[in-house]
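Inside the fold
The primary structure of each chain is shown beneath.
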Amino acid sequence: MCPATLILHTEISQGLNSLKLTLHQPFMSTQPNITLNDGNVIPQLGFGVWQVPNSDTAEVVGTAISTGYRSIDTAAIYGNEVGVGRAIAANSLQRTELFITTKLWNDRHTTAHRAFDESLKRLKLDYLDLYLIHWPKPRQNAYIEAWKALVKLKEEGKTKSIGVSNFTVSHLKRIVDATGVVPSVNQIELHPGFQQKELTAYHAEHGIITESWSPLGQGTLLENASLKSLAQKHGKTPAQVIIRWHLDRGYIVIPKSVTPSRIRENFDVFDFSLDADDLAKIAALDRKDGRIGDDPQTANF
Ligand code: NAD
């Protein structure tokens with residue numbers, strides 16, 4: 001490199017470095033982020049770890065992080081918070097570059113502060129990005145008490161954001177009436193076979209971000225003829241078409257896989273878009289009885 005080129009190169013590098021500093025985003029700008037109702041930012045595409053054995057979790061989450069995922073969704077009941085914590089400790093990213101969610105299990109609604117501390121200890125973290133009440137468990141009727149505890153945890157700075165999971169409109173109304181605090185997120189079963197139109201409309205009206213669990217219908221949708229033909233049209237896989245659909249709907253989406261090639265495939269969704277015709281085809285897959293998991297009103301665990 002001649003001296004003049006070297007100076008120019010150095011100046012450009014310095015310029016880029018200062019640009020990076022001034023434009024510093026908490027998460028990679030190459031992937032979409034969503035701003036929650038409390039101003040915090042979450043990557044729209046995250047990685048779920050339900051049913052990943054704790055002993056495999058560090059490696060699986062490590063693969064997800066090196067693929068580019070920055071948001072990890074775990075829960076106390078998954079039994080793999082320790083593995084998630086190991087993956088976080090093992091990589092060189094700053095804590096602020098990762099977004100970690102865990103959830104309060106049903107038997108801890110009246111002891112949420114202690115349950116939170118136990119989760120944090122297992123994760124080896126000193127704060128959480130998002131803490132969710134996992135299920136409302138309405139017959140126990142303690143979810144308002146749990147929500148009050150989460151509001152306090154946020155006020156104390158122990159978790160940046162708070163939300164719920166598997167809440168229906170009536171559960172949402174009750175916690176907001178009791179506290180005046182609207183959850184940032186409601187994580188619910190949602191996939192093309194079960195699109196939850198009423199609940200997602202309510203979320204949109206009240207500034208609650210919808211987060212889709214079992215976004216691929218636990219894999220059951222991947223052989224659907226309509227989705228297969230859309231995949232062929234875009235030169236993508238059915239899983240990628242479904243994940244793109246969640247992103248286009250404005251949902252946070254947290255697909256799970258333990259297979260490195262699928263973990264990467266599920267992240268390779270930022271180079272295509274669905275058109276109106278595609279969206280109409282996917283809208284037609286919605287079924288009232290398309291629920292795969294438990295109904296929050298009747299779930300008894
Ligand atoms: P999912 O819809 O993400 O499907 C996962 C399954 O699909 C995998 O086990 C694999 O069999 C298959 N799969 C994934 N990618 C694939 C690909 N590219 N090609 C082919 N097959 C593929 O199901 P999930 O794990 O139930 O949901 C995702 C996450 O949502 C969970 O890991 C968890 O974090 C969260 N979740 C939350 C709740 C809740 O009550 N809040 C309930 C269930 C799941």
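A few points about the environment of isoleucine 208
Mapped onto the fold, isoleucine 208 is located in the loop between helix H7 (197-206) and strand E9 (209-213). Residue classification places isoleucine 208 among the buried residues on the basis of a relative accessible area of 5%. Along the sequence, isoleucine 208 and arginine 264 sit 56 residues apart, while their C-alpha atoms lie 29 Å from each other.

Overview of the site of the ligand
Surveying the vicinity of the ligand reveals 27 residues, the closest of which are Asp73, Ser165, Gln187, Ser214 and Leu216. Relative to its free-state accessible area of 840 Å², the ligand is covered by the protein chains to the extent of 88%.

Looking at the packing of helix H2 (residues 54-67) against helix H3 (residues 81-90)
In the contact formed by H2 and H3, the axes pass within 7 Å of each other and the chain directions differ by 40°. One finds that H2 runs oblique with respect to H3. Where H2 crosses over H3, the two elements pack in a sense that is right-handed. Of the residues in H3, those in contact with Asn54, Thr57, Ala58, Val61, Gly62 and Ile65 of H2 are Glu81, Val82, Gly83, Val84, Arg86 and Ala87. Tallied by class, the residues present in the contact of H2 with H3 amount to six nonpolar, four polar and two charged.

As for the sheet that holds strand E7 (residues 159-165)
Spatially, eight strands are ordered E3-E4-E5-E6-E7-E8-E9-E10 in an open sheet, and the strand pairing comes out parallel. Sheet topology places strand E3 (47-48) and strand E10 (252-253) at the edges, where each strand pairs with a single neighbour. Here H7 sits on the sheet in contact with strand E8 (185-189) and E9, set at roughly 170° to E8.

Focus: the pairing of strand E5 (residues 99-104)
For E5, a buried count of six out of six residues is recorded, marking the element as mostly surrounded by other parts of the structure. As judged from the three bridges shared by strand E4 (residues 71-73) and E5, these two strands associate in the parallel manner. Within E5, the position partnered with serine 71 by the bridge is phenylalanine 99. The β-α-β motif built from E4, the intervening H3 and the parallel element E5 has right-handed crossover chirality. Of the pairings in the sheet, the one linking E5 to strand E6 (residues 128-133) comprises four bridges and is parallel in character. Across the sheet, residue leucine 104 finds its bridge partner in E6, namely isoleucine 133.

Description of the pattern of salt bridges
Pairing between side chains of opposite charge can happen when the charged atoms of each approach one another. The tally for this structure, following the rule as stated, stands at 17 salt bridges. For aspartate 289, the salt bridge identified is with arginine 287, shortest N-O distance 3.0 Å. For aspartate 289, a relative accessible area of 55% corresponds to the exposed category. A residue is classified by how much of its surface remains accessible, and arginine 287, at 47% relative accessible area, is partly exposed. Via salt bridges that share partners, Lys233, Asp275 and Asp278 belong to a single interconnected network.

Brief notes about the packing of aromatic side chains
Scanning all chains against the criterion turns up nine aromatic pairs. With centroids separated by 5.4 Å and ring planes inclined at 85°, the aromatic side chains of phenylalanine 267 and phenylalanine 270 adopt a geometry described as edge-to-face. Above the face of the tyrosine 127 ring, lysine 160 is positioned so that its terminal group lies 4.9 Å from the ring centre.

The rules behind these values
Residues numbered from 1 in each chain as written. Predicted model: local features only at pLDDT ≥ 70, side-chain atom pairs only at ≥ 80, totals over all residues. Heavy atoms only, no water. Helix = DSSP H or I, 4+ residues; strand = E, 2+ residues; numbered from the N terminus. Buried < 20%, exposed > 50% of the residue type's maximum accessible area, 1.4 Å probe, protein only. Near = heavy atom within 4 Å. Areas by Shrake-Rupley, 256 points an atom, 1.4 Å probe, with all protein chains shown as cover. Axes fitted to C-alpha atoms, helices over the stretch in contact; angles between N-to-C directions. Parallel < 35°, antiparallel > 145°, perpendicular 65-115°, else oblique. Left-handed = near helix turned anticlockwise from the far one by under 90°. Contact = heavy atoms within 4.5 Å. Nonpolar A, V, L, I, M, F, W, Y, C, P; charged D, E, K, R; others polar. Pairing = 2+ DSSP bridges. Right-handed = clockwise from strand over helix to strand, strands pointing away. Salt bridge = Lys/Arg side-chain N within 4 Å of Asp/Glu carboxyl O. Phe/Tyr/Trp six-rings, centres within 6.5 Å; stacked < 30°, edge-to-face > 60°. Lys NZ or Arg CZ within 6 Å of the ring centre and 35° of its normal.

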